[in-house]
Amino acid sequence: MKVYISSDIEGCADVTAWCETEDGQEGYEVACRQMTLETAAACEAAIEMGFTPVVKDGHGNARNIDPWGLPRGTQLIRGWGTSPAGMMFGLDESFAAAVYIGYHAPEGTEGSPLAHTIEHEWFMKLMINDELESEFTLNALYAANFDVPSVFLSGDQAACDHAKKRCPQMTVLPVKEGTGSSTWNMHPQDAVDAIYDGVKTSLKDISRVNPKNLIKDEYKVDFYFKEHRAARAASWYPGAERVDATHVRYIAKDVMDMMIAKMFMTEI
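Source: prediction; values computed, not measured.

Student: Would you take a moment to explain the sheet that holds strand E5 (residues 123-128) for this structure?
Tutor: Hydrogen bonds between backbone atoms are what pair the strands of a sheet, whose relative direction is either parallel or antiparallel. Read from one edge to the other, the open sheet built from five strands follows the order E6-E5-E10-E12-E11, with strand pairing classed as antiparallel. Edge strands, defined here as strands with exactly one partner in the open sheet, are strand E6 (131-132) and strand E11 (241-242). Examined bridge by bridge, strand E10 (residues 219-225) and strand E12 (residues 247-252) share six bridges and lie antiparallel to one another. Bridging across to E12, Lys 220 finds its partner in Ile 251. In the packing of helix H6 (residues 255-265) onto the sheet, the strands contacted are E5, E10 and E12, and the crossing angle to E12 comes to about 150 degrees.

Here is the structure:
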């Protein structure tokens, strides 16, 4: 059995400023180390529970995790698959569960100095069926489309609160809390240990999470772009409606329709 582990960096312990998330900038190597350690803890827990972990590096250039920092037996997907799956590239119905490491608050909220959805420079917010949504929402929906339950998430407090609202049965672990431009963090080793324990516990009974609860008859997706030019470009996607200068709406008939539209409407 396989467990899919989608890893990001902004929600890892101690990561606080944008420069720490960008290759070559101050603090980036330290952030990558913590991302690797937190991901490795999730992998070790999965292996301990009898699963094969498959990790998707889901941040920036998708080449942030140190492969040598992961336990043997782990499979690592680096780079982008150029597909609607995005941060969930490689996931299919053969996986038993999905785990999310280093996740962050969505754009349009104040729970993190690094709050964003997809790209901070592109969006003011993303709404699905009139609810403000996150990268986690998109990724959990993609997993649910393959009947894969989302069982664990670690990240900032706002990301955990948001995920728990969408998937009440999943386990969440806040490793920090954001206020303004600051973060209040667990000790990095304590975060690593807690992730190991949390993932291990969450994999004991994956049947408690029913992914079908996330599936809807249709998805009204409202993209609120920061630039009118991006909205204009997105509005050319078949079926898209430009509501105003920076707001584009698309009605998707199912998850894959939504993810394909998102892929083309946001690759400006």
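Student: Explain the packing of helix H2 (residues 135-145) against H6 to me, please; I cannot follow it from the model alone.
Tutor: The relative placement of two packed helices comes down to the angle between their axes together with the axis-to-axis distance. Packing of H2 against H6 leaves a shortest axis separation of 9 Å and a crossing angle of 135 degrees. Between H2 and H6, the interaxial angle falls into the category oblique. Crossing hand, H2 versus H6: left-handed. Facing Leu 138, Leu 141, Tyr 142 and Asn 145 of H2, the residues of H6 in contact are Val 255, Met 256, Met 258, Met 259 and Lys 262. Residues that form the contact of H2 with H6 fall into these classes: seven nonpolar, one polar and one charged.

Student: Would you explain the sheet that holds strand E9 (residues 182-185) in this entry?
Tutor: Reading across the sheet, the seven strands line up as E3-E2-E1-E4-E7-E8-E9 and stay open at both edges, with mixed pairing between neighbours. In the strand order of this sheet, the two ends are held by strand E3 (75-77) and E9, each with one partner. With direction set aside, neighbouring strand axes in the sheet form an average angle of 20 degrees. Here strand E7 (residues 150-156) runs beside strand E8 (residues 171-179); their pairing, made up of five bridges, is parallel. Paired with Phe 152 across the strands is Thr 171, a residue of E8. Here helix H3 (residues 157-166) sits on the sheet in contact with strand E4 (95-103), E7 and E8, set at roughly 155 degrees to E7.

Student: Got a minute to help me understand H2 in this structure?
Tutor: An α-helical segment advances 3.6 residues per turn. Residues three or four places apart therefore align on the same side. With 10 of 11 residues buried, H2 is to be regarded as a mostly interior element. Considered for burial, the residues of H2 that qualify are Glu 135, Phe 136, Thr 137, Leu 138, Asn 139, Ala 140, Leu 141, Tyr 142, Ala 143 and Ala 144. Backbone nitrogen of Phe 136 and a side-chain oxygen of the N-cap are separated by 3.2 Å at the start of H2; the cap is Ser 134.

Student: Would you take a moment to explain the packing of helix H1 (residues 28-48) against helix H4 (residues 188-202) for this structure?
Tutor: Look at H1 against H4: their axes get within 8 Å of each other, and the N-to-C directions meet at 30 degrees. Considered as vectors, H1 and H4 are oriented roughly parallel to each other. When the axes of H1 and H4 are compared, the crossing they make is right-handed. Together, Gln 34, Leu 37, Glu 38, Ala 41, Ala 42, Glu 44, Ala 45, Ala 46 and Glu 48 of H1 and Pro 188, Ala 191, Val 192, Ile 195, Tyr 196, Val 199 and Lys 200 of H4 make up the contact between the two elements. Split by residue class, the contact of H1 with H4 holds 11 nonpolar, one polar and four charged.

Student: Hey, could you run me through H4 in this one?
Tutor: With 15 residues, H4 should cover 21 Å at 1.5 Å per step; its first-to-last C-alpha distance of 21 Å lies within 8% of that length. Those residues of H4 that sit buried are Ala 191, Val 192, Ala 194, Ile 195, Gly 198, Val 199 and Ser 202. The buried residues of H4 all sit within an arc of 165 degrees when viewed along its axis, so they share a single face. Contacts made by the buried residues of H4 are with H1, E4, E7 and E8.

Criteria and cut-off values
Residues numbered from 1 in each chain as written. Predicted model: local features only at pLDDT ≥ 70, side-chain atom pairs only at ≥ 80, totals over all residues. Heavy atoms only, no water. Pairing = 2+ DSSP bridges. Helix = DSSP H or I, 4+ residues; strand = E, 2+ residues; numbered from the N terminus. Contact = heavy atoms within 4.5 Å. Axes fitted to C-alpha atoms, helices over the stretch in contact; angles between N-to-C directions. Parallel < 35°, antiparallel > 145°, perpendicular 65-115°, else oblique. Left-handed = near helix turned anticlockwise from the far one by under 90°. Nonpolar A, V, L, I, M, F, W, Y, C, P; charged D, E, K, R; others polar. Buried < 20%, exposed > 50% of the residue type's maximum accessible area, 1.4 Å probe, protein only. Polar contact = N/O pair within 3.5 Å; in protein donor to acceptor, adjacent residues only side chain to side chain. Expected span 1.5 Å × (residues − 1). Arc of directions from axis to C-beta.

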